[in-house]
Amino acid sequence: MARKKIIAGNWKMNMTPSEAVELVNTLKPLVANEEVDVVFCVPAIDIIPVVEAAKGSNIQVGAENMYFEEKGAFTGEISPNMLTDAGVKYVVLGHSERREYFAETSETVNKKMLKAFEHGITPIMCCGETLEQREQGVTMDFIRQQVKVGFLNVTADQAKTAVIAYEPIWAIGTGKTATTEQAEEVCKGIRECIVEIYDEATADAIRIQYGGSVNAKTAPELFAQPDIDGGLVGGASLKPDFGAIVNYNK
Ligand code: 13P
C-alpha cells in the first residue's frame, strides 16, 4: 500500500497570533492538495487562532512540543489534554533545537512519544546527525540510537501511525539541503531500523520525512524518493513558497 505523503511546516518561534491568522489565510488556498497530508506545527499561543483560521481547509494543526505528564506543577509546560482539546492532531518531538537548547534527550522524547500515543496525537519524532558525526562516519549509528530509544515500548500498531523526521542538523536553516542521495540513504536506513525493531509491515506503514532547507526547488526530487514520505519544512513554511512545496507533484 502506498504511503500518503505528509508535508509539515514547523514555524519554530515565529508568528504572533495575529500574524499567524494572516499567514493561514494566505496559505489556505495555496496548500490544497488532497494527495498530501498538510500540517502546520505552530507555537503554543498560535494553536487556537490557527485551528480557527484553518477551519474548512485541509490544514491540520500540530504543536512544536508537549510535556509527558497529564497535569500539575510543571510551570510553563503544555499537557497532551490541552493540545487535543484545542484541536491539535500532531506534535513535533525531539527537534534538534530542543535537544540542543532545552536539554531534550532521547529518554524524554520517548516519554513524550508514549504520552502522545496515549492521547491519540501523532508524533513527528525528529532525528539527525551533526556535521561532525557525518564526517566521523557515525551518522547511521547515531540515528539508529535516537530511533531505538525514542520508540522504546511503543507498540507496532502505534509505530505504524507515527512520523519520523530525518533532519541533518547541518542542513537546518543553512540553505544547504542534503543531496537527494544522502537524504534517501538515511531515510532508508531508518526504515530498516524499524524493520529490526518491529517488522516489515510496520516499516511499510510508518512515514519518514526529510527536513533541512527544503524549498520549492528541492522538494520534488526529494519527495519522489522511495523512502521519503514528505518533509518537515522550517523557513519556507512561513512563505507562499510552502504552497509550491505542498504541490510538489503538480
Ligand atoms: P529549515 O527548513 O528552515 O532548514 O528548518 C528545518 C527544520 O528544522 C524543520 O523542523
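Residues numbered from 1 in each chain as written. Predicted model: local features only at pLDDT ≥ 70, side-chain atom pairs only at ≥ 80, totals over all residues. Heavy atoms only, no water.

Visitor: What exactly am I supposed to notice about the environment of glutamate 22 here?
Guide: Along the chain, the position of glutamate 22 falls in helix 1 (residues 17-27). Its relative accessible area of 57% is what places glutamate 22 among the exposed residues. Taking the C-alpha atoms as reference, glutamate 22 lies 9.4 Å from valine 50; in sequence the two are 28 residues apart. (Helix = DSSP H or I, 4+ residues; strand = E, 2+ residues; numbered from the N terminus. Buried < 20%, exposed > 50% of the residue type's maximum accessible area, 1.4 Å probe, protein only.)

Visitor: Honestly, the side chain of threonine 122 in this entry has me stumped. Any pointers?
Guide: Its location among the elements puts threonine 122 in strand 5 (residues 122-127). Under the relative-accessibility criterion, threonine 122 is labelled buried at 17%. When neighbours within four sequence positions are excluded, threonine 122 is seen to be in contact with Lys89, Tyr90, Val91, Thr161, Ala162 and Val163. (Contact = heavy atoms within 4.5 Å.)

Visitor: Would you take a moment to explain the pattern of salt bridges for this structure?
Guide: For side chains bearing opposite charge, pairing can occur when the charged atoms are close. A full pass over the atoms with the stated rule returns 17 salt bridges. Residues aspartate 37 and lysine 4 are paired through a salt bridge, measuring 3.1 Å at the closest nitrogen-oxygen approach. Here aspartate 37, found in strand 2 (residues 36-42), pairs with lysine 4, found in the segment before strand 1 (5-10); they are 33 residues apart in sequence, far enough to count as distant. Overall, the relative accessible area of 16% leaves aspartate 37 in the buried class. A salt bridge links arginine 144 to glutamate 196; the nearest nitrogen and oxygen atoms lie 2.8 Å apart. Separated by 52 residues along the polypeptide, arginine 144 in helix 7 (residues 139-150) and glutamate 196 in helix 9 (residues 180-197) bring together distant segments of the chain. (Salt bridge = Lys/Arg side-chain N within 4 Å of Asp/Glu carboxyl O.)

Visitor: How should I be thinking about the pairing of strand 1 in this particular structure?
Guide: Burial analysis of strand 1 places 6 of its 6 residues in the buried class, the great majority of the element. Of the two faces of strand 1, both are covered, the one formed by Lys5, Ile7 and Gly9 as well as the one formed by Ile6, Ala8 and Asn10. As defined by bridge partners, strand 1 adjoins strand 2 across 6 bridges and the pair is classed as parallel. Along strand 2, the bridge assignment pairs glycine 9 with phenylalanine 40. As judged from the 4 bridges shared by strand 1 and strand 8 (residues 230-233), these two strands associate in the parallel manner. From the neighbouring strand, isoleucine 7 faces strand 8, where its bridge partner is glycine 231. (Pairing = 2+ DSSP bridges.)

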